[in-house]
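Listed below are the residues making up each chain.
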Amino acid sequence: MGIRFKLMLPLLMASVLFIAILHLYLAPNWIADERDLLIKQQQNFIVTLKPEITRYMLAGDYAALYTILDEQLHIMKETWRQLVLVSEQGERIYPLVEPEPLAANENDMMLNKYAIEIEGQLLAHLTVTTDWSSVSEHAYSRVQDVERFLYLIFGLLFIFSLTWQSALIRIPLERLEHAAARLAKGDFSVSIPHLQNDEVGRLSRAFNTMRNNLREYQDELRETANEARSAEAALQVQMRKRQRAEEAMHYDLMVKKTFNAALETAMGNYPLDVKLEKILELVLDASWLSTESRGSIFLTDEGGQTLTLIVQRGLAAPLLASCANISFGQCLCGKAAAAQEIIFTNCLDHRHDIQYEGIEQHGHYCVPILSGHKTLGILNLYVEHNHQPKETEQHILKMIANLLTGIIEHERDTELVRKTLNDLDNQVNALDEHAIVSIADVYGDITYANDKFCEISQYSREELIGTNHRILKSGIHPEEFYQEQWQTISQGRVWKGEICNKKKDGALYWVSATIVPFLDDNGIPHKYVAIRENITEQKNYEKILLAKNKQLKLAHKELEQSHQQALQAEKLASVGQLAAGIAHEINT
């Protein structure tokens, strides 16, 4: 889009806007005003005509009525096309014959209906059909006159604007364009006169200022170029440092990825040897570690002086047998285990105690896996012959050994916990087989019941769970007995005693019970474990013994009474014999 068109665009848009306003707003308003004026004139004319129509209709002088209506239709022939007078009953009064259909455009016709009344009583309707096409043509003629005038004005403005813009804007801008092209080619001698004090003049002055500044900048640019060369050399040094830093970051990232994968393996549900095998694979496949794809992991046996080969990759067949078990101090792995330090070698030296025919030159990293002062195992990695050790390698290998320490200790602790839990399960099973066991919450509601509890109480486990121990009350013990029991265990103390409980069928049974409260961190009971032993048979024996003892006491008492009676009878017999003897003596 050229500058000339851009400058003329506002004027062109203004002309289009004025023409649009003329046709879309002014013209319709003018036509509406002309139409309203015509209607108003017609209404005023009908108002003056109504009294005469009323007078002739009341007098019944229809001849005069026809005459006046014919005259009025002739007078208004420019605008009135039909005049129809209809009585109140709907009978046409005027004209006498049916009016012919109108051939004009219906949009130019306007139908107005007026009531002829006297003292509020309707006499007839006067309908006037008005042709207002002449009015609209007059209005359109005004619009066309205004439109032609606007075309003339805008045409003159276009010509004047083109001439003015060419002299004041286009020609100075073309001069500025040519000067800028020369300046772009390096010609700093070009100059533009700034005769005007407007935007173009200010642009010319700015161009000359820019030319002078560019001339100065060119000199400065030469100096800057020299400085840039020096900076480029410094930048290359910085780039090399950055490259080394990026390589270090990439190295750290790869190390972190390997360690994350090793940690995921450590958290997996695998046996210890599988975890060690997976981690060895990760280490040997790590591109950031300068090792060969061969290595092994040894673990210390229970005696603490022998290394056992657990997992390996790439070991030669002769080594699988000779390295299956290595004593502390034997070969490189045994020496590292005994010294608890990393041993590195890049060749087959005198420390290689285990060799075989055809063995190739190689080196080793033997990294001890330590837990405090205890050697748990050895991580053995192969390196190329004459490999130069790196401090970062040894640091990372120590980190891997520490990770292996955590895995080995965790697995051994897990195995110990598993064994402990197994022993505990066996103890619980033994207790369930021997005793009546139940667990209740702090409210005394049953949360666990073993088979013996269900068997002796005759309740199913589903019936007991969630039910309070009060379901077993026999009514033998007073309420104070249960209050003392609850007070004891709710204070965190163990209660022991004998209780008579009631079965589901109402039968009674006796148990020797021990109720142990389990305390939380604040020393408050959070559940109660009751261990009972069925002593019903013992109680029955005690009852029988008490009954036997009572019978024995009664028999003993009766025996004593019989003995006393016998002694009394013996005494009476002796007295009788003595009396008889005395009497015999007296008689003789």
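Since this is a predicted model, take the numbers as computed values, not measurements.

K.L.:
How should I be thinking about the sheet that holds strand 15 (residues 525–534) in this particular structure?
P.N.:
Think of a sheet as strands paired side by side through backbone hydrogen bonds, with each pair either parallel or antiparallel. Pairing within the open sheet is antiparallel, and its 5 strands lie in the order 12-11-15-14-13. This sheet does not close on itself; its edge strands, each paired only once, are strand 12 (446–449) and strand 13 (495–502). Averaged over all pairs of adjacent strands, the angle between their axes in this sheet comes to 30 degrees, without regard to strand direction. In this structure, strand 11 (residues 436–440) lies alongside strand 15, joined through 5 bridges in antiparallel fashion. The partner of S438 across the bridge, within strand 15, is A530. Here helix 11 (residues 479–490) sits on the sheet and contacts strand 13, strand 14 (508–519) and strand 15; the angle it forms with strand 13, its principal contact strand, is near 135 degrees.

K.L.:
What am I meant to see in the sheet that holds strand 1 (residues 80–87) here?
P.N.:
Strand order in the open sheet formed by 4 strands is 2-1-4-3, and the pairing between neighbours is antiparallel. Sheet topology places strand 2 (92–94) and strand 3 (109–118) at the edges, where each strand pairs with a single neighbour. On average, each strand axis in the sheet is tilted by 30 degrees relative to the strand beside it, whichever way the strands run. Two elements, strand 3 and strand 4 (residues 121–131), share 10 bridges in a ladder whose sense is antiparallel. Paired with A115 across the bridge in strand 4 is H125.

K.L.:
Just to check I follow, could you spell out the nonpolar core for this structure?
P.N.:
Note that soluble globular proteins tend to have their nonpolar side chains buried in a common cluster. Counting residues in each nonpolar core, the largest one holds 31 residues, and the members touching the most others are I297, L379, L381, I400 and L404. Where this core is concerned, the elements lending two or more residues are helix 4 (199–267), helix 5 (272–284), strand 5 (295–300), strand 9 (363–371), strand 10 (374–383) and helix 8 (391–434). With 8 residues, helix 8 is the largest single contributor of residues to this core. Ignoring sequence-local partners within four residues, the contact set of L381 consists of L280, V283, L284, L289, T291, R294, G295, G363, H364, Y365 and L397.

K.L.:
What is the right way to read the pattern of salt bridges from this model?
P.N.:
Side chains that differ in sign of charge can pair as their charged atoms come close. Taken as a whole and assessed by the stated rule, the structure comprises 12 salt bridges. In this structure, the salt-bridge partner of E411 is K275, at a minimum N-O distance of 2.5 Å. Taken together, the positions of E411 in helix 8 and K275 in helix 5 put the pair 136 residues apart, joining distant regions of the chain. Take E411 and K275: they sit in the same class, and that class is buried. The partner of D451 in a salt bridge is R461, with the nearest N and O atoms 2.5 Å apart. Placement of D451 in helix 9 (residues 451–457) and of R461 in helix 10 (residues 461–464) is noted, with a sequence separation of 10 residues between them. Using a relative accessible area of 55% as the deciding quantity, one classes D451 as exposed.

K.L.:
Please clarify how the packing of aromatic side chains should be interpreted in this entry.
P.N.:
The geometry of an aromatic ring pair is captured by two quantities: the separation of the ring centres and the angle between the planes. This model, assessed by the stated rule, comprises 6 aromatic pairs. Judged by centre distance (5.4 Å) and plane angle (85 degrees), the rings of F481 and Y482 are edge-to-face. We note that F481, like Y482, is buried. What links up through ring pairs into an aromatic cluster is the set Y62, Y66 and Y94. Cation over ring: K278 sits above Y270, and NZ or CZ is 5.2 Å from the ring centre. Over the ring of W510 we find K539, and its NZ or CZ is 4.5 Å from the ring centre.

K.L.:
It is not clear to me how the state of the cysteines should be interpreted in this structure. Could you clarify?
P.N.:
By definition, a disulfide links two cysteine residues through a covalent bond between their sulfur atoms. The final tally for this structure, using the stated rule, is 0 disulfides. As a non-bridged cysteine, C331 has C323 as the owner of its nearest cysteine sulfur, 6.3 Å distant. Residue C366 stays outside any disulfide, its sulfur separated by 3.9 Å from that of C333, the closest cysteine. The exposure class of C366 is buried, given its relative accessible area of 0%.

Conventions we followed
Numbers given for residues are sequential positions, taken from 1 along each chain in its written order. With the structure being a predicted model, the display of local features is reserved for residues of pLDDT at least 70 and the display and counting of side-chain atom pairs for 80 or more, all residues being used for whole-chain, interface and lining totals. Calculated side-chain values reflect all of the structure's heavy atoms, with hydrogen atoms and water omitted. By the convention used here, strands pair only if DSSP detects at least 2 bridges between them. Working definition: helices are DSSP H or I runs of at least four residues, strands are E runs of at least two. Numbering for both runs from the N terminus. Only the contacting stretch of a helix is used when fitting its axis, a line to C-alpha atoms as for every element, and angles between N-to-C directions run 0 to 180 degrees. Two residues form a contact once any of their heavy atoms are found within 4.5 Å. By nonpolar core we mean a set of buried residues, namely Ala, Val, Leu, Ile, Met, Phe, Trp, Tyr and Cys, connected to one another through side-chain atoms within 4.5 Å. Categorising residues by exposure relies on relative accessible area from a 1.4 Å probe, with only protein chains included: less than 20% of the type maximum marks a residue as buried, more than 50% marks it as exposed, and the intermediate range marks it as partly exposed. Salt bridge criterion: a side-chain nitrogen from Lys or Arg within 4 Å of a carboxyl oxygen from Asp or Glu. Working definition: a ring pair exists when centres of Phe, Tyr or Trp rings (six-membered ring for Trp) sit within 6.5 Å. Plane angles under 30 degrees give stacked, over 60 give edge-to-face, the rest tilted. Look at NZ for Lys and CZ for Arg. If either is within 6 Å of the ring centre and within 35 degrees of the ring normal, a charge sits over the ring. Two cysteine sulfur atoms form a disulfide, by the criterion used here, when they sit within 2.5 Å.

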